[in-house]
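Examining the three-dimensional arrangement
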Amino acid sequence: MYIDLFSHGPDILLSQIPSLTYGGPRTSPEKPSPESIKLNESAALIEFVADIFPQSGLYPADPVLRARARALVAWFDTTFLNAYRNLFVVGQPPSDLTNAIEILQTLLPPDGFAVGQWSIADVAMAPFVVRVPMYLENDIGKYPAGEGPKMLEALQASRFTRFWKYVADVGEHSSVKASFDAVSDPPAALSLSTYQIV
């Protein structure tokens, strides 16, 4: 599948794009042009798009906020995503994810997005945090049947208030609204596809 990156802009990042080719002549995604650049890893793709669309504001102008956004992406990519996979894909107890959510709350500002304005950090985290309630409510994961709703109920404790506010805030962002529907988003959408960006 070809995606014209310049027609879609940075909102394309919320779709499932694990790898892309950039430049070169149009070819089949299965056989990208040798003249194209091949990129993968979600965090690198997010930064690449932020670089080629500086007007998107995905990189905050303030260098401190920009560094904070990058640090959040790095933390999320290692700590949160490992806990997320351990629960939903591997079936380990929820304590890792619960701990990761508690840490995430300490890394977020008191309200709003990850560094105040919508940034690369939110683009990296949104696809996962908005699915936590959907997966738990619908008991989707490798954990024992019936445990998802129990975990969701436990996460309703007041100590998780900031997490739920963040989930609500990112869920209201236009990019997320355009790419995620908690009612019809197929849980099996965890599979990855390869796209060619031209």
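For the structure given in this document, a descriptive report is provided here. Quantities reported herein were computed from a predicted structural model and do not represent experimental measurements. (Residues numbered from 1 in each chain as written. Predicted model: local features only at pLDDT ≥ 70, side-chain atom pairs only at ≥ 80, totals over all residues. Heavy atoms only, no water.)

Grouped together as the largest cluster of nonpolar side chains are 48 residues, with contacts concentrated most on Phe-80, Phe-88, Leu-104, Val-129 and Leu-136. When residues of this core are traced back to their parent elements, those giving at least two are α2 (42-52), α3 (63-90), α4 (95-107), α5 (120-129), α6 (131-137), α7 (147-154) and α8 (161-171). Contact partners of Val-129, with chain neighbours within four places excluded, come to Phe-76, Phe-80, Leu-104, Phe-163, Tyr-166, Val-167 and Val-170. If you look at the next biggest cluster of nonpolar residues, it comprises 5 residues, including Leu-20, Leu-45, Val-49 and Phe-53. (Core = buried A, V, L, I, M, F, W, Y, C linked by side-chain atoms within 4.5 Å. Buried < 20%, exposed > 50% of the residue type's maximum accessible area, 1.4 Å probe, protein only. Helix = DSSP H or I, 4+ residues; strand = E, 2+ residues; numbered from the N terminus. Contact = heavy atoms within 4.5 Å.)

Even without glycine at this site, Asp-139 takes up a positive phi of about 60 degrees. Summarising the element assignment, Asp-139 is placed in the loop between α6 and α7.

A few words now on the packing of α4 against α8. Geometry of a packed helix pair, given as the angle between the helix axes and the separation of the axes. Two elements in contact, α4 and α8, have axes separated by 8 Å at closest approach and are oriented at 75 degrees. By the criterion of interaxial angle, the relationship of α4 to α8 is roughly perpendicular. Contact with α4, carried on its side by Ile-101, Leu-104 and Gln-105, involves Thr-161, Arg-162 and Phe-163 of α8 and no other residues of that element. Broken down by class, the residue content of the contact of α4 with α8 amounts to 3 nonpolar, 2 polar and 1 charged. (Axes fitted to C-alpha atoms, helices over the stretch in contact; angles between N-to-C directions. Parallel < 35°, antiparallel > 145°, perpendicular 65-115°, else oblique. Nonpolar A, V, L, I, M, F, W, Y, C, P; charged D, E, K, R; others polar.)

This brings us to the packing of α5 against α8. Running from amino to carboxyl end, α5 crosses α8 at an angle of 105 degrees, the nearest separation of the two axes being 10 Å. One way to sum up the angle between α5 and α8 is to call them roughly perpendicular. Listed contacts from α8 to Ala-121, Asp-122, Met-125, Ala-126 and Val-129 of α5 are Phe-163, Tyr-166, Val-167 and Val-170. Taken together, the residues of the contact of α5 with α8 break down into 8 nonpolar, no polar and 1 charged.

Here we come to the packing of aromatic side chains. In this structure the tally under the stated criterion is 13 aromatic pairs. The structure contains a cluster of three or more aromatic residues connected by ring pairs, namely Trp-75, Phe-76, Phe-80, Tyr-84, Phe-88, Phe-128, Tyr-135 and Tyr-143. (Phe/Tyr/Trp six-rings, centres within 6.5 Å; stacked < 30°, edge-to-face > 60°.)

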